[in-house]
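Residue-level listing of the chains:
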Amino acid sequence: MELPFAESYKMKMVETIRKSTREERETWLKSARYNLFNLKSEQVFIDLLTDSGTGAMSDRQWSEMMLGDESYAGASSYYKMKNAIRDILGFEYFLPTHQGRAAENVLFSALIKKGDIVPGNSHFDTTKGHIEYRNATAVDCTIDEAFSTTVNHPFKGNIDLEKLKHVLSNNPVERIPVIIVTVTCNSSGGQPVSIQNLRDVYTLAKKYNIPVFFDSARFAENAYFIKLREPGYSGKTIREIVREMYTYADGMTMSSKKDAIVNMGGFIGFRDEQLWKKAQTFNIMFEGFITYGGMSGRDMNALAQGLYEGTEFEYLDTRIRQVAYLGKRLSDFGVPVQMPYGGHAIFVDAKRFLPHIPKEQFPAQTLAIELYLEGGVRGVEIGAILADRDPVTRKNRYPELELLRLTIPRRVYTNNHMDYVAVALANVWERRDDIHHGVKIVSEAPIMRHFTVELERAEVHALAH
Ligand code: F0G
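Note that the structure is predicted; figures quoted are calculated from it, not measured.

Draft legend 1. Layout of the overall build of the protein chain. Helix and strand counts for the protein chain stand at 17 helices and 14 strands. For the protein chain, whose C-alpha radius of gyration is 22 Å, the value lies close to the compact-globule estimate of 23 Å for 465 residues. Dimensions of the protein chain, computed from C-alpha atoms along their principal axes, come out at roughly 60 × 55 × 45 Å. Taking contacts inside the protein chain between residues at least 6 apart in sequence as the whole, the part at least 24 apart equals 73%. Accessible surface, the protein chain as shown: approximately 19300 Å² in total, 52% of it carbon and sulfur.

What follows is the structure, given as structure tokens:
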């Protein structure tokens, strides 16, 4: 017999998690104002809110923690991180930051000014937030296929070159300080960008002399998909593919809480020494001195080790197969999900799941609430609440995709947990026609509201009249 697949690690330490009753969850959720971010973690049985900073570090990463050098300037941990970044990603210059959005803040402070235009593929919400906060505009150039969850395209994170060309040729070049390519593209469903597309975007950008930066949170997962799906890459190692990917970038921002498998950390990679120098001042102001930038020495050590582990095929294969396992179980139950399955998460199509809930009553958030009540599973809305209001008109933005993201932390849960999640959601699917409550917003922040929004349940017909 052919030997079956098995995980590429075993467990050395465990953490107890506790189930709750539906009555308990009703009470907790009410006091959380129907915002799952407000729940205490012990009120959650399986936490699929995010894969950000929620992974399990390895024994080697924990060993590296003990070796951290906490010197303010010039720590050996800084050089360990520098070497790992040069070795794996090929960037000569870098600045450490405490997480990904901090990297965006520092970089954009050096690059973006009022009135600028920043094209990209479905910018992540913090990326967009940092652009809009500077009174600049993020223009989404993702291919149309990404917005239909039933279309099975291998690289739904790709940039539509025609859309990009349109932006580049219809705006003064000095108004476009950077193009941001997100690998994998979180907002469209953890979908990868092909090497071909990265190459084409870079070639086009060079014609206009515009720098290209990769938002790199899940760069290794992107490389895994290239290996599996792009002709000519099956024989290459993940690290070879990663190196090639970054030949088509002038720099990168990184949330190391994802593919570097640490609980906290980030950085910016640069090719251009001048830009690196310019960004240093902002790093010192916002993050810390340029050799620690908001990270402790031990965290930089664990991050450097994590970059190596996160780019091993065996690890990535284990992780992404687990995500697909959950996807397959859900598909078998008939639950509508974004196809193909993403790298870090399964994205449930709330418009198809709850077609009778109007968009003004936030179907994806409604679904997140129902799943939590059903089984104590916490997912996250990636839909109209997350999309915020238009900064100019202040009207709600309703994105084409209204999704519930079930995000899988790295090396944390087993496939039994995935089965539990799948059955919990299948139960909600079974009783979907009996869900007569959406939600309405009671209070919200002017930007990035989804973290702190307060909601109330609202009967569906209430709004229709
Ligand atoms: N870029 C992408 C593509 C991300 O997914 C995130 C974070 C960031 C940037 C910002 O990084 O959190 O370290 O400041 N995504 C998390 C998520 C929060 O749940 O998807 P950060």
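Structure shown, so let's carry the discussion forward.
Draft legend 2. Quick look at the sheet that holds strand S11 (residues 380-382). Judged by pairing direction, the sheet is antiparallel, and its three strands sit side by side in the order S9-S12-S11 without closing on themselves. Taken across any chain shown, the strands that pair with only one partner, and hence form the sheet edges, are strand S9 (345-349) and S11. Adjacent strand axes in the sheet meet at a mean angle of 35°, parallel and antiparallel pairs treated alike. Relative to strand S12 (residues 403-407), S11 runs antiparallel, the two sharing three bridges. Bridge pairing in S12 links Ile-382 to Leu-403. Sitting on the sheet, helix H12 (residues 313-333) is in contact with S9 and S12, with an inclination near 25° to S9. The sheet contacts of helix H14 (residues 363-375) involve S9, S11 and S12, and relative to S12 the element is tilted by about 45°.

Draft legend 3. Representation of the site of the ligand. As a matter of local geometry, the ligand sits amid 16 residues, with Thr-50, Arg-101, Asp-215, Ser-255 and Lys-258 nearest to it. Taking Arg-101, its side chain carries an N or O atom lying 2.6 Å from an oxygen atom of the ligand. Residue Arg-218 places a side-chain N or O atom 2.9 Å away from an oxygen atom belonging to the ligand. About the coverage of the ligand: the protein hides 95% of its 460 Å² of free accessible area. With three residues, the top contributor of residues to the shell around the ligand is helix H4 (residues 100-111). Looking at side-chain class alone, the shell around the ligand contains one nonpolar, eight polar and seven charged residues.

Draft legend 4. Seen up close, the environment of Ala-136. You can see Ala-136 is positioned in the loop between helix H5 (125-133) and strand S4 (137-140). Along the backbone, Ala-136 and Gly-115 are 21 residues apart, and their C-alpha atoms lie at a distance of 4.8 Å. Setting aside chain neighbours within four positions, we find Ala-136 in contact with Ile-112, Lys-113, Gly-115, Asp-116 and Ile-131.

Draft legend 5. Inspection of the side chain of Arg-134 at higher detail. Structurally, Arg-134 is set in the loop between H5 and S4. There is no salt bridge for the buried Arg-134, and the closest opposite charge comes from Glu-104, which lies 8.0 Å off by N-O distance. For Arg-134, the side chain forms a polar contact with the side chain of Asn-105, separated by 2.8 Å. Not counting residues within four places of it along the chain, the set of residues in contact with Arg-134 comprises Asn-105, Phe-108, Ser-109, Ile-112, Lys-113 and Lys-114.

Draft legend 6. Representation of helix H9 (residues 238-245) in the model. Every buried residue belonging to H9 is among Ile-238, Ile-241, Val-242, Glu-244 and Met-245, and all of these are buried. End-on, the buried residues of H9 take up no more than an arc of 165°, which puts them together on one face. For H9, the elements touching its buried residues are helix H3 (76-89), helix H7 (195-208), strand S6 (212-215), helix H8 (219-229) and H12.

Draft legend 7. The layout of surface pockets, seen in detail. Of the pockets and cavities examined, the largest pocket occupies roughly 1600 Å³. Considering the residues around the largest pocket, the lining is formed by 40 residues, among which Met-13, Gly-55, Ala-56, Arg-411 and Val-412 are closest to the centre. Elements represented by at least two residues in the lining of the largest pocket include exactly helix H2 (59-66), helix H11 (297-310) and H12. Take the lining of the largest pocket: its biggest share by element is three residues, from H2. In terms of residue class, the lining of the largest pocket is built from 15 nonpolar, twelve polar and 13 charged. Put simply, the parts of the chain that give the lining of the second largest pocket at least two residues each are H5, S4 and helix H15 (384-387).

Draft legend 8. Broad picture of empty space enclosed by the protein. Scanning the model with the defined rule gives two cavities of 30 Å³ or more in all. Quantified by volume, the largest cavity comes out at close to 90 Å³. Along the walls of the largest cavity sit 13 residues, with Asn-35, Phe-37, Gln-365, Val-380 and Glu-381 positioned nearest its centre. At the level of elements, H14 and S11 are the ones that each hand at least two residues to the lining of the largest cavity. A per-class count over the lining of the largest cavity returns eight nonpolar, four polar and one charged. Considered as a void within the structure, the second largest cavity measures approximately 50 Å³ in volume.

Draft legend 9. Quick peek at the nonpolar core. Ranked by size, the top nonpolar core spans 61 residues in total, and within it Leu-89, Val-181, Phe-214, Phe-219, Met-245 and Tyr-246 carry the most contacts. In contact with Phe-219, not counting residues within four places along its chain, are Ile-88, Leu-89, Val-183, Val-242, Met-245, Tyr-246, Met-254, Asp-259, Leu-307 and Thr-311. Formed by 33 residues, the second largest nonpolar core is a distinct cluster that contains Phe-45, Ile-46, Met-418 and Val-428.

Draft legend 10. Region of the structure containing the environment of Asp-144. Here Asp-144 shows up in the loop between S4 and helix H6 (161-169). Residue classification places Asp-144 among the exposed positions, given a relative accessible area of 51%. For Asp-144 and Pro-355, which are 211 residues apart along the polypeptide, the C-alpha to C-alpha distance reads 21 Å. A polar side-chain atom of Asp-144 sits 2.7 Å from a polar atom in the side chain of Lys-163.

Procedures and definitions
Note on numbering: residues in each chain are counted from 1, in written sequence order. For a predicted model such as this one, the threshold for reporting local features is a pLDDT of at least 70, and the threshold for listing and counting side-chain atom pairs is 80 or more; totals across whole chains, interfaces and linings nevertheless cover every residue. Note that the side-chain values use all heavy atoms of the structure and ignore hydrogens as well as water. Helix and strand definitions here come from DSSP, where helices need a minimum of 4 consecutive H or I residues and strands a minimum of 2 consecutive E residues; each element is numbered from the N-terminal end. Throughout, radius of gyration means the C-alpha value; the globule benchmark is 2.2 Å times the number of residues raised to the power 0.38. Any two residues whose heavy atoms approach within 4.5 Å are treated as being in contact. Per-residue accessibility takes into account occlusion by the displayed protein chains alone, with areas from the Shrake-Rupley method and a 1.4 Å probe. Only strands joined by at least two bridges in the DSSP assignment are considered to pair. Think of each axis as a best-fit line through the C-alpha atoms, taken over the contacting stretch in the case of a helix, with angles from 0 to 180 degrees between the N-to-C directions. What makes a residue near a molecule or strand is one non-hydrogen atom of that residue sitting within 4 Å of it. As used in this structure description, the phrase polar contact means that two N or O atoms lie within 3.5 Å; if the pair is within protein, one of them must be able to donate a hydrogen and the other to accept it, and residues adjacent in sequence are counted only when both atoms belong to side chains. In the scheme used here, Gly and all other residues not listed as nonpolar or charged are polar, with Ala, Val, Leu, Ile, Met, Phe, Trp, Tyr, Cys and Pro taken as nonpolar and Asp, Glu, Lys and Arg as charged. Think of it in three bands: with a 1.4 Å probe and only protein chains considered, a residue is buried below 20% of the maximum accessible area for its type, exposed above 50%, and partly exposed in between. When charges are counted, neither His nor the chain ends are considered; positive counts come from Lys and Arg and negative counts from Asp and Glu. One side-chain nitrogen of Lys or Arg within 4 Å of one carboxyl oxygen of Asp or Glu is enough to make a salt bridge. Our arc is simply the arc of the directions from the helix axis toward the C-beta atoms. A pocket, in this scheme, is an open set of points on a 1 Å grid over the protein atoms alone with protein on both sides within 12 Å along at least 5 of 7 lines, while a cavity is a set where a 1.4 Å probe fits but cannot get out; residues line either one if an atom lies within 4 Å of a point. Grid points are joined across faces, edges and corners, and a volume is the space filled by probe spheres set on the points. By nonpolar core we mean a set of buried residues, namely Ala, Val, Leu, Ile, Met, Phe, Trp, Tyr and Cys, connected to one another through side-chain atoms within 4.5 Å.

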